[in-house]
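# A look at the structure
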Amino acid sequence: MSSTSRGRFGMIKNGWKAACLSRAVHREVKDDPGLVLHALGLVVMAGISLSVGMMSVLDLESQTQLELVGIMDRLMGTWLGVLTSVLGWALWGGIVYLLAGRFLGGKSSYNESLRVLGICYGPGLLRAFPGDIGIYLSLVGSVWVLVAAVVAIRAAHEIDWVGAIIPTTLGWLISFFFLPALILSSYNFALP
């Protein structure tokens, strides 16, 4: 394990390497159970970004002051965004493990799949931008997470590209679109 996997700013360095599609970081994360907290941290940060993007935190029409309106609604929205991301991550890991690991003969456990997928959530921070530009940045960030995850699953499970693309894309669709639509639509958020 390299010294950059742990230590100061290790989570950010691992997230950056995963976003840059480095296969080496996925092997390190797969082999180190202690890095689950790095993965969880990136998933939580992506969940906070999702909730910030769904609700404009600042009253952008007021140029003289920054108003926080409905603090309890915003806290509930943030909590739901984080909960949705963590549940989606766990579900995505399960789908990938069952399809890639068990069905296609991949070489990673559920926990290993979960860790390498979690490290790929870094580009999900692009989901934090509200407004029209936020919709495009959210889409770019979400697709970037998918691409990084395909690279991660291929490296972690040691399977071919098709075997990595199919389960990863299926889990991504469920965790990034269907689950947020199901959970957050009940709270009347505008999904980015």
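Residues numbered from 1 in each chain as written. Predicted model: local features only at pLDDT ≥ 70, side-chain atom pairs only at ≥ 80, totals over all residues. Heavy atoms only, no water.

### Structural notes on unusual backbone geometry
Even without a glycine there, the phi angle at Leu 21 is positive, about 65°. Judged by relative accessible area, Leu 21 falls into the partly exposed class, the value being 37%. Even without a glycine there, the phi angle at Glu 158 is positive, about 55°. Looking at the secondary structure, you find Glu 158 in the loop between helix H6 (131-157) and helix H7 (161-185). (Buried < 20%, exposed > 50% of the residue type's maximum accessible area, 1.4 Å probe, protein only. Helix = DSSP H or I, 4+ residues; strand = E, 2+ residues; numbered from the N terminus.)

### Description of the nonpolar core
General note: in soluble globular proteins, nonpolar side chains tend to be found buried as a group. Judged by nonpolar contacts, the single largest core of 31 residues is most densely connected at Trp 89, Trp 92, Leu 117, Tyr 121 and Ile 153. Residue assignment for this core shows that the elements contributing at least two residues are helix H1 (10-19), helix H2 (23-31), helix H3 (36-54), helix H4 (71-103), helix H5 (110-119), H6 and H7. Counting residues per element, this core draws most heavily on H6, at 8 residues. Each residue touching Leu 117, except ones within four places of it in the same chain, is listed here: Trp 89, Trp 92, Gly 93, Val 96, Ala 149 and Ile 153. Within the second largest apolar cluster, 6 residues are counted, among which are Leu 50, Leu 179, Ile 183 and Leu 184. (Core = buried A, V, L, I, M, F, W, Y, C linked by side-chain atoms within 4.5 Å. Contact = heavy atoms within 4.5 Å.)

### A closer look at H7
Its 25 residues place the ends of H7 34 Å apart at the C-alpha level, agreeing with the 36 Å of an ideal helix rising 1.5 Å per residue. At Leu 179, H7 shows its largest bend, some 35°, and a proline, Pro 180, comes one to four positions later. Those residues of H7 that sit buried are Gly 163, Ala 164, Pro 167, Thr 168, Gly 171, Trp 172, Ser 175, Phe 176, Leu 179, Pro 180, Ile 183 and Leu 184. (Expected span 1.5 Å × (residues − 1). Bend = angle between axes of the 7 residues up to and from the residue.)

### As for a nonpolar patch on the surface
On the surface, Leu 21, Leu 139, Val 140, Val 143, Trp 144, Val 147, Leu 173, Phe 177 and Phe 178 cluster together into a nonpolar patch covering about 750 Å² of accessible area. For Leu 173, the position within the fold is in helix H7. (Patch = residues over 30% accessible without salt bridge, like charges linked within 9 Å, V, L, I, M, F, W, Y side chains within 5 Å. Areas by Shrake-Rupley, 256 points an atom, 1.4 Å probe, with all protein chains shown as cover. Salt bridge = Lys/Arg side-chain N within 4 Å of Asp/Glu carboxyl O.)

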